Structure formats: structure tokens, C-alpha cells
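In case you want the letters, here they are:
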Amino acid sequence: MSETATRPATSDLVFDVTGMDCGDCARSIERVVGQLPGVDTARVSFGAGTLTVRPEGGATDGLPRAVGSAVDRAGYAAVLRTDALAGRRQAPWWTNRKLIPTAIAILLWLGAFALDHLAGQRSAAVALFLGAIVIGGYPIMRAALQALGARRVDMNVLMTVSVIGAALLGEWSEGALVVVLFTVGTTLQAITLERTRSALRSLLDLAPAEATVLHDGVEVTTSVAVLRAGDLVRVRPGERLPADGEILSGASALNESAITGESLPVEKGEGDPVYAGTLNGSGALVVRVAKPAADSMLANIVHLVEEAQASKAPSQQLVDRFAAVYTPVVVALAAVIAVAGWVFGDGSTWVYRALVLLVVACPCALVISTPVAIVSAIGAATRRGMLVKGGVALEEAGRAKVVAFDKTGTLTLGRPAVTRIVSLADLPERELLSLAAAVEHDSEHPLARAIVARALHDHVPTRVASDFEALPGRGARAVVDGAEIVIGGDRLMGEVGLDAAALARAGELAAELVERGESTLTMARVDGDRAMILGVIGVADRLRPGVREAVESLRAHGVERVVVLTGDRRAVAERIAAAVGADEVRAELLPHEKAEAIAALRERHGPVAMVGDGVNDAPALATADVGIAMGIGGTDVALDSADLALMRDDLFAVGRVIELSHRTLAIIRQNVTLSMVTKAIALLLGTLGFVNLWIAVLADVGTSVVVTLNGLRLARMREEEPVVIADEEPVAVCGCGEEHDHDHAHAHEVRAAD
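The present account deals with the structure reproduced in this document. Just so we're clear, the structure is a prediction, and the values are computed from it rather than from any experiment.

With respect to the sheet that holds strand β4 (residues 77-80)
Right, so step 1: The strand order β2-β3-β1-β4 describes an open sheet built from four strands, whose pairing is antiparallel. The open sheet terminates on both sides in strands that have one partner only, identified here as β2 (39-45) and β4. Strand-to-strand, the axes of this sheet are offset by a mean angle of 25°, without reference to chain direction.
Right, so step 2: Here four bridges tie strand β1 (residues 13-18) to β4, and the two strands are oriented antiparallel to one another. Along β4, the bridge assignment pairs Asp16 with Val79.
Right, so step 3: Packed onto the sheet, helix α2 (residues 63-73) meets β1, β2, β3 (50-55) and β4 and runs at close to 135° relative to β3.

Right under this line is the structure:
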């Protein structure tokens, strides 16, 4: 189980940082900012492109300006997030601050090369080469000084020493070309990575800056940042919702793709929850704000993803440990070669080779090989409604050998539906259903809602009942067509005076249905102190459409065993397990016993992923190697309890997450292999004198660009077509073709009556 991300403290300052193209950049910024007066800690997320500064004592006066200046001196740019919803839109690539000096350096180098090789003007060429080094290399040298001031040797230091050394040896053309190639490569990386980071930040732009608040019936336009719980806001057609809340009046279709990844609009009405950043359709809404904009689900998702991108996956930790040893060793080797060569051989030749090794010592491509893939994969998953809370979770998902599913609400729809109607009197089944629906029409019990929905689905005329009475724990009664009708369990049937033979007959049928995993309701007509049994109605939860196909897709992605864990009866659990094609079922489990089952499965079969609702399955989710909360609709409990959160009820997304993990691990392996092989070859050839400075830089920067572009392929994850699976036994579908509950059924009847 990966660590749960936590929100920054309220006094923390969060900056968006641009220009970072390597992990060394992040570490240099941390050191520089961390040494400022008034700064307690500074933490940079290379993946998310953010800097979080915690002031000493919580005082922030003047600190944003000081931090911005320090980051600027280090060669980067930091912009304070002044509002929790103030995202920064993607700036055009041509506004990147590195482009102008890079372009000037290229032009100067080309001019110098022409003067030197075509016109024979060596002195003029040297002047232009020097100009290219100064203009193009100034940001590099400035960052190098900042790194040395923070007692760090990063890529900027290595490149600066190499360029100065080349100039001292009279290799002006190569020194200038090193600057040109390095700045071109890092600029390309910075622009590419910034586009990926901004794709996440742009989610914040979905929330509007202003809201229309209702004060005593008067509309007032105000900043979203000042909204508080309980405020009433009006949302007109085509506007985006400013905050999370509940619809007080109105109905509309809302595009919730920013939250759930679901591209189709969702119908919402009075009492339904809504989220900031969702796009309102054609209806006007009045919404009661549930929480401040800074705590909205949209802001929470962005924060969690940025924290996830900042976390280090196991493969990245391994690479970082290797780079921490590799760089000092190669730098020491370069120093030994330079000194030994100067003392015992041709000094300039061996010093030149040492400079080549300094360039080879830069571990940029290796260090960036993993985080760029993790950032891209997490961003791609988020845009499709799969919230991955860290590189650890992403890697572990692909290693899962066992996937354990909770039953209710995960494999099943989580709401009961009528499965069968058995008449025990001279009444047709439709007549029996009509009577049951009349009695249950005003009940809020889930089983009652299932009966009413089934009557609506079968187009059974609903009769009018009177004198309705709910009997908690037993059932319900009402008068229909002058006769008292009761519906409920064995206890109620015993109370109304059914004779022993009738009770036994109903009990046998109920036992048969229970054995099949169904709950039963018995219906009787009461006449004074006598009662006549009318029939038995079977009710059961239903499988989600396509669940068997989703389980098969897991096996196709390398999952060896599928297990059902449930607190329900064994008969019900075994019926569900057989229907979905599970290998094993464990039933009648308490929450802590589910966690124990996860531990046992891991010991026997290997890494386990647990899929549940994120609330009552919290112990099992925490115990599993990867906890996956499914269909949470944005609940805070589910976000906190799981490693991955699927924002809509889509079991196929579990397979897609595992597939994404496999693709991410494959690309990380490709990147690390390419980086290591390139470094090894360059190190060998450089030591033997077969590689000059500009080839070493080209190999280093070129490899960095290649691994960056390779990692960014994950950001273009193929969009899955929605899987439409026909349900063999439709669940509570009314004449309009939609799934409905009791309230919707009532609305249909009112319209029909009108």
C-alpha cells in the first residue's frame, strides 16, 4: 500500500516552476530556496513542476518575492499560486525564456563556423564562438554558480567546466557547439515536459473564477475563492459549476468528464451532488455550496495527482541510487585522467579526454528515464477517470497476480431487483405484481423500490392504495381495492393469521429461492382474523453488465487468480462467483477477516490487488499490495483509503490500469537500458579518445530527448471505446429505456396521470 498524499499546510506557498528538464534542476532549486532566510523546508516535485515552501513560523511576508528571485537566479521561473483554483494556462512554446539565447547562440555559431572554415577569418570566428558561449551558456553558468553555492555538482557545473576547459585548450568551435547542443536539447525537454505538466494544471482552469451568489433573492457576482458552505449559487445553461454542492432546484445534464472521465452527460436533479468544474447543460440550477472551492473534488484530484507525480516509484529510487554513485565516480575518474595525463603524458590530450568524461558523467538521461514515464502515465490515467496515487501504486498494479473483488456494489449493482414472481393463488403474476406495487408505492425500503421499478418495467398498471403502513423489520400493509394486503417476511405472515399449511408452503418456496441467493417477500390478503397467501416474490442484487468480460480481460493482462470476498451468505457468494468466472470465493467475512484473507492470498499466490467501494472495505484495501476504490463518485473516504480510485463504475478500468502499468514498466525498462548502454559506450570511447566534446554532448542530450519522447508516449494512451454489454435480465428498466428507482417511477406515473 502506497503512502497517502496529504495536503500542504494552509501556510505553505505553492509555486509553479518552469524550465526544469532534469532531476538535478529540482534538487538545485530545493537547495537554493531551502537556504533562504525564513524558509523552513522547500520541496520540488519534478514531475508536477511545483515548488512547495513551508515558511518558518508560518510568516510569509516578502517570502514569495525572495523565492521567485532565488529561483530566477538559478535559471528557472517560479510563479506563486495565489488561489487554490488559479491554474496557469499553457503558454505558447515560443515564449519559453530559453529560446532567445538559444537561437542567438545558434546563429553566432553558424556565423563563426562560416568565417573560420570558409573565409579563413580565425580571429573574427573566435569572437563569435565566444559570443555564442557567453550568450547561450549564461543561463547554464548562472545555474552552475547557484549549484556550487548550494554545495552541489549538477549537470550545469559539469557542462560549465567542460566548456571553459575547451576554451582554455583553444577548442573554441567545440566549446561553442557544446553550449548550442546542450541548450537546444534542454530547451526541447523543458518545453515538452511543461506541456505535459500543464495538461494537469489546466484542470484547475475548468473551475470559473467568479460565481453568481444569491443573497435574499438578489444575484451578486463574487469571486469563487470566497464561497463558503451553505452559499446558494445560480448556474446558468452552458456555465461551469464553481464549487461542490447539492442541487436545490432545477434539473440538467452535466458533463462530469473532468471528475469521472465519463464523456456522456449525466442527468442531475434536486438533491443530487454536483462538482466544481463540471459543465452545465441546458437547464438552470440553484446549488447549495457544500465546501470551499479550495477543498473541491477538482482541486483535491489535482493535488493528489501532483503528489502522486512527486512520489518516487521503486524503479526511480533504484536509478537515483545508482546515479548518486555513478556521477562522483566518473568525475573522480576524469580528474585522475587529467592529472595523470598532465604529469606523465601529453597534457592537453588527456585533459581534453577528461572534459569528455565530465560530459559523460552527466546522468540526465538516466535520471529522467523513470519520472517522465510515471508523470505521463499518471496524467493519462487521470484524464480517463483513473486516479493513480503514486508511482508505487502504478508499478504494483502491473505485478498483481491475484485480484480480489468485494461483491456488493462492485461486482453487483448494489441495488436489488425482482428476479421472480410465484403465484400461490388463482392470480396471474401481473396481477400479483400490481398488488405488490400498490402496497409498496410509498415505501422507501430498497426491496419496495425494486418491486415498483419492476412493475414500471413490465408496464403493469399501478393501482391506488390507501391506509399505507410501514412495519419496520417486518414489511408493509395497505388497502387495495377494499382489501387489506400485507407483504413481508415470515414474522409478518405469522402475525396476520396464515395457517400452518400455507406458512409451510411459502417457507419451502422461500427456502428454495434463498438457496439460489435470493431474498423473498411473501404476500397475503387479510380478511379479519383470517389470511390467504397470494404468492412469493424473489429479489436479488444483480451483476453489473459486462462483469464476466471484465474478469476475462484481467486474465488477458496477466492476472492468474480472481477471488470474491464478501460478508454475504455463501450461497449468494457462490452464485456470483460462478457467474463472473472467479476461481475462489470467501463468504460471510467481517471487514477484518477480509484483510486476513488478503494476507493469506498474498502468501499463497503473490501480490494482490483488492477492488472495493473504499468505505467498508478499507481494511482489505489497506492490506492489499494495491487497493482500488471503484465507482467512488468522488467520496473523500475512498480517495483516502485506496492507492487507485476509479471515478466511475467501470470494471474494465481495472484491466486498463494493469495494462497501463505493464506499458509503463516496459517503457521505463527501455529508457533505462538505452541510457545505460549509451553511457557505457560513451564512457569507454571517451576514455580511449574516440569521442570528442560535441559528440559526447550530442549523445547525452540526444539520449535525454529520446527517453523523454518515449516516456511521453504514455500520455497519448489510446482512448477506449465504451464497452456495451447487453444485460440478459434487464434490471429495473422502465418504458423510457433507462434504469430507474422508486422516485423516478413515481415521476413517470405523475406525468402519465397528467
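Focus on the pairing of strand β17 (residues 465-471)
Along a regular strand, successive side chains alternate from one face of the sheet to the other.
Right, so step 1: In the sheet, β17 pairs with strand β18 (residues 475-480) via five bridges, with the strands oriented antiparallel. Of the residues in β18, the one forming a bridge with Ala465 is Val480.
Right, so step 2: In sequence, β17 turns back onto β18 through a hairpin of three residues, with Gly473 there showing a positive phi of about 80°.

Points about the sheet that holds strand β16 (residues 412-423)
Right, so step 1: Read across the open sheet, the six strands follow the order β16-β21-β20-β19-β18-β17; overall the sheet is antiparallel. Each edge of the open sheet carries a strand with a single partner, namely β16 and β17. For this sheet, the mean angle separating the axes of adjacent strands, direction not counted, is 20°.
Right, so step 2: Alignment of β16 against strand β21 (residues 530-543), held across eight bridges, turns out to be antiparallel. Paired with Val418 across the bridge in β21 is Val539.

As for the packing of helix α19 (residues 547-556) against helix α24 (residues 652-688)
Right, so step 1: Remark: α19 packs on α24, axes separated minimally by 8 Å, with the N-to-C direction vectors making an angle of 15°. In terms of orientation, α19 lies roughly parallel with respect to α24. Judged by the sense of rotation from one axis to the other, the crossing of α19 with α24 is left-handed. Facing α19, whose interface residues are Glu549, Ala550, Ser553 and Leu554, α24 presents Phe652, Val654, Gly655 and Ile658.
Right, so step 2: Considering only residue class, the contact of α19 with α24 consists of five nonpolar, two polar and one charged.

Side note on the nonpolar core
Right, so step 1: Among the nonpolar cores identified, the biggest contains 73 residues, and Met20, Ile29, Val33, Leu51, Val53 and Val67 are the most heavily contacted of them.
Right, so step 2: The leading source of residues in this core is helix α10 (residues 347-361), at 10 residues.
Right, so step 3: Not counting residues within four places of it along the chain, the set of residues in contact with Ile29 comprises Val17, Met20, Gly34, Val44, Leu51, Val71 and Tyr76.
Right, so step 4: One finds Leu394, Val547, Leu644 and Leu651 within the second-largest nonpolar core, a separate group that totals 56 residues.

Describing the side chain of Thr708
Right, so step 1: Counting through the fold element by element, Thr708 comes out in helix α25 (residues 693-712).
Right, so step 2: Residues in contact with Thr708, not counting those within four places in the same chain, are Gln189, Thr192, Leu193, Ile368 and Val372.

Here we look at empty space enclosed by the protein
Right, so step 1: Counted under the stated rule, the structure contains seven cavities of 30 Å³ or more.
Right, so step 2: Roughly 160 Å³ of volume is contained in the largest cavity.
Right, so step 3: Lys98, Pro139, Ile140, Asn156 and Thr186 are, among the 17 residues lining the largest cavity, the residues nearest its centre.
Right, so step 4: Of all the elements in the fold, those that place two or more residues in the lining of the largest cavity are α3 (99-119), α4 (122-149), α5 (155-168) and α6 (172-201).

A short note on a nonpolar patch on the surface
Right, so step 1: A cluster of nonpolar side chains, contributed by Val677, Ile681, Leu684, Leu685, Leu688 and Phe690, occupies part of the molecular surface with about 570 Å² of accessible area.
Right, so step 2: Of note, Ile681 is situated in helix α24.
Right, so step 3: By relative accessible area, Ile681 is classed as partly exposed at 47%.

Points about the pattern of salt bridges
Right, so step 1: Under the defined criterion, the tally for this structure stands at 25 salt bridges.
Right, so step 2: The salt bridge partner of Asp583 is Arg555, with a shortest N-O separation of 2.9 Å. Placement of Asp583 in the loop between α20 (570-580) and β23 (584-586) and of Arg555 in helix α19 is noted, with a sequence separation of 28 residues between them.
Right, so step 3: Note on Arg555: relative accessible area 30%, which makes it partly exposed.
Right, so step 4: We note a salt bridge from Lys594 to Asp617, for which the minimum N-O separation is 2.7 Å. Here Asp617 lies in the loop between β24 (608-612) and α22 (618-623) and Lys594 lies in helix α21 (residues 591-605), a separation of 23 residues in the sequence.
Right, so step 5: With relative accessibility at 0%, the residue Asp617 sits in the buried group.
Right, so step 6: Within this structure, Glu219, Arg234 and Arg236 form a network of salt bridges that share partners.

Conventions and cut-offs
- Residues numbered from 1 in each chain as written.
- Predicted model: local features only at pLDDT ≥ 70, side-chain atom pairs only at ≥ 80, totals over all residues.
- Heavy atoms only, no water.
- Pairing = 2+ DSSP bridges.
- Helix = DSSP H or I, 4+ residues; strand = E, 2+ residues; numbered from the N terminus.
- Axes fitted to C-alpha atoms, helices over the stretch in contact; angles between N-to-C directions.
- Contact = heavy atoms within 4.5 Å.
- Parallel < 35°, antiparallel > 145°, perpendicular 65-115°, else oblique.
- Left-handed = near helix turned anticlockwise from the far one by under 90°.
- Nonpolar A, V, L, I, M, F, W, Y, C, P; charged D, E, K, R; others polar.
- Core = buried A, V, L, I, M, F, W, Y, C linked by side-chain atoms within 4.5 Å.
- Buried < 20%, exposed > 50% of the residue type's maximum accessible area, 1.4 Å probe, protein only.
- 1 Å grid on protein atoms, 1.4 Å probe; cavity = no way out; pocket = protein on both sides within 12 Å on 5 of 7 lines; lining within 4 Å.
- Points joined across faces, edges and corners; volume = space filled by probe spheres on them.
- Patch = residues over 30% accessible without salt bridge, like charges linked within 9 Å, V, L, I, M, F, W, Y side chains within 5 Å.
- Areas by Shrake-Rupley, 256 points an atom, 1.4 Å probe, with all protein chains shown as cover.
- Salt bridge = Lys/Arg side-chain N within 4 Å of Asp/Glu carboxyl O.

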